[in-house]
Amino acid sequence: MFVVHRIRDFGMDGKTIPGDGVVTGSGKVNGRLIYVYAQDFTVFGGSLSAPHAAKIVKIMTLAIQNRAPIIGLNDSGGARIQEGVESLGGYADVFLQNALASGVVPQISMIMGPCAGGAVYSPAMTDFTFMVKGTSYMFVTGPDVVKTVTSEEVTAEELGGAETHTTISSVADGSFNNDIEALIELRRFLTFLPSSNENIAPIRKNEDPKRRIAPALDTLIPENPNLPYDMKELILTVADQNEFFELQENYAKNILIGFIRLDGQSIGVVANQPMILAGCLDIDSSRKAARFVRFCDAFDIPILTLVDVPGFMPGTAQEYGGIIKHGAKLLFAYAEATTPKVTLITRKAYGGAYDVMSSKHLRGDANYAWPTAEIAVMGAKGAVEILYRNELNDPEKIQKRTTDYEERFTNPFIAAERGFLDDVIIPNNSRYRLIQAFSKLKNKIQSNPKKKFGNIPL
Ligand code: HXC
């Protein structure tokens, strides 16, 4: 707290404020050690000088050494303009620690004010970034510079407010209504995370019956396979106390990610959402889920994958945008993940997306399906239109072909016969079956071939 800057130019001589714009230290959240830094916008706009950076680096180093999460409460105008290159060096020192801490201890950024320039890159390197609605901004360059360079007129809110970063850019994983809610939710979020890659997440005493039957799940899937249903209902129904900490709720809504507990154990959930784009995988949803799978795997948080996916999204927009490479991110992430993986197919698991969504072939530990599951290369209609193109002018024949295809492939039993599924389970009993599956995986040991690291298609 006694640290001051050493800048002598631009009238900064004699303008020193103890702490130099950042409060750093350690403390306990729910009884567990964390390291935290909080920037103070009232001191030189929270801007980062070399000593300010050194204070942050100091607690990051301690957090890595002592295996405790790093929390940043960010509120900074970026590099201290009066200091020059020393401040850029300070930023790089922080970025380096961000990279070294990655995969060792969880790093969380809470953006609580305007953050510009270097102040947004450190959060971008952390595992999760949250924002406060209406008072926090993140941009590489502010509205004035944008106007000068590109002639675009844009407000700070439009350029880098919480709405922008939770719906358009996906830079932020969530946002909160005010500072108090943000800090309370941050503490709740921490309960799902281990302190480091050498600890497990805290096990909460479970008050919710393990064998809780949920009759509503028996009728969750509509009779008509083309009608949507809300996958969130399944997540909330199986979770302890119906608690789901959802991440990136308003971005790529065709996939859901977040944390639940099953019998007290923290579980990462990845689930297709049939309500949006029929739950298909596209660029945004693949990227969203891939990063989450990698976080869970890095910290050995088990992953529950709920599957209802008609395939990858077709079209020029997706192909030109690189769906091949982005879809491969999710495939790669699941394939290399050695954390416990339990998969439940509720309805469609078509084509490449069947493989991707934590299939048995990618080392799914327990792969289940409901009786309503349809596992096939594609839907019956599409398949018949390709296989029997020359019969398309005969609707009766086509109808028969479609029914034949449906009976043969669009059920879980062919996959189960091959051992690609471990069981076909009754929907109302899903909670208990998932709890059982994860409890048997508590001591799982699996490793990949020795390597420096894999080359995920970034
Ligand atoms: C020194 C700064 C500062 C900075 C703000 N202040 N940013 N001082 N260095 N980077 C000071 C202001 O001079 C002002 O001082 C006080 O903080 C409050 O700032 P305001 O502008 O009055 O606040 P507000 O209107 O809320 O605007 C916030 C802001 C804006 C959007 C963050 O201040 C801004 O655009 N700042 C500059 C952003 C920037 O370009 N940073 C450098 C980026 S380069 P007084 O004394 O008047 O109260 C960079 C390189 C790192 O970061 C690259 C690494 C990859």
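Since the model is a prediction, treat every value here as computed from it, not as a measurement.

A. Quick look at the overall build of the protein. Looking only at helices and strands, the protein has 16 helices and 16 strands in total. Compactness check: the protein gives a C-alpha radius of gyration of 25 Å against a globular reference of 23 Å for 458 residues, within 12% of the reference. For the protein, the spread of C-alpha atoms along the three principal axes comes to 90 × 55 × 45 Å. Buried residues in the protein amount to 53% of all 458 residues. Restricting the contact set of the protein to residue pairs at least 6 apart, pairs at least 24 apart contribute 72%. Of the roughly 21100 Å² of accessible surface on the protein, a fraction of 56% belongs to carbon and sulfur atoms. When the 47 positive and 51 negative side-chain charges of the protein are each reduced to one mean point, those points stand 7 Å apart.

B. Local environment of the sheet that holds strand S3 (residues 70-74). Across the sheet, which stays open at both edges, the six strands sit in the order S1-S2-S3-S4-S6-S8 with mixed pairing between neighbours. Here the strands that pair on one side only, and so sit at the sheet edges, are strand S1 (22-29) and strand S8 (174-176). Going from strand to strand, the sheet's axes swing by 20° on average, the running direction of each strand aside. Along the sheet, helix H3 (residues 118-125) contacts strand S2 (32-39), S3, strand S4 (107-111) and strand S6 (128-132); its crossing angle with S4, the most-contacted strand, is approximately 140°.

C. The packing of helix H13 (residues 380-387) against helix H14 (residues 395-409), seen in detail. Where H13 contacts H14, the two axes come as close as 9 Å, and the packing angle between them is 125°. In terms of axis orientation, H13 runs oblique to H14. Considering how the two elements wind past one another, H13 and H14 form a crossing that is right-handed. On the side of H13, the interface is formed by Ala380, Lys381, Ala383 and Val384, while H14 contributes Ile398, Arg401, Thr402, Tyr405 and Glu406. Grouping the constituent residues of the contact of H13 with H14 by class yields five nonpolar, one polar and three charged.

D. Quick peek at the packing of helix H1 (residues 50-66) against helix H2 (residues 85-101). With their axes 8 Å apart at the nearest point, H1 and H2 run at an angle of 15° to one another. With respect to H2, the axis of H1 lies roughly parallel. Judged by the twist between their axes, the crossing of H1 over H2 is left-handed. Residue-level contacts link Ala50, Ala53, Ile56, Val57, Met60, Thr61 and Ile64 of H1 to Glu86, Ser87, Gly90, Tyr91, Asp93, Val94, Gln97, Asn98, Leu100 and Ala101 of H2. Across the contact of H1 with H2, the residue classes break down as ten nonpolar, five polar and two charged.

About the cut-offs
Residues numbered from 1 in each chain as written. Predicted model: local features only at pLDDT ≥ 70, side-chain atom pairs only at ≥ 80, totals over all residues. Heavy atoms only, no water. Helix = DSSP H or I, 4+ residues; strand = E, 2+ residues; numbered from the N terminus. Rg over C-alpha atoms; globule rule 2.2 N^0.38 Å. Buried < 20%, exposed > 50% of the residue type's maximum accessible area, 1.4 Å probe, protein only. Contact = heavy atoms within 4.5 Å. Areas by Shrake-Rupley, 256 points an atom, 1.4 Å probe, with all protein chains shown as cover. Lys, Arg positive; Asp, Glu negative; His and termini not counted. Charge placed at Lys NZ, Arg CZ, Asp CG, Glu CD. Pairing = 2+ DSSP bridges. Axes fitted to C-alpha atoms, helices over the stretch in contact; angles between N-to-C directions. Parallel < 35°, antiparallel > 145°, perpendicular 65-115°, else oblique. Left-handed = near helix turned anticlockwise from the far one by under 90°. Nonpolar A, V, L, I, M, F, W, Y, C, P; charged D, E, K, R; others polar.

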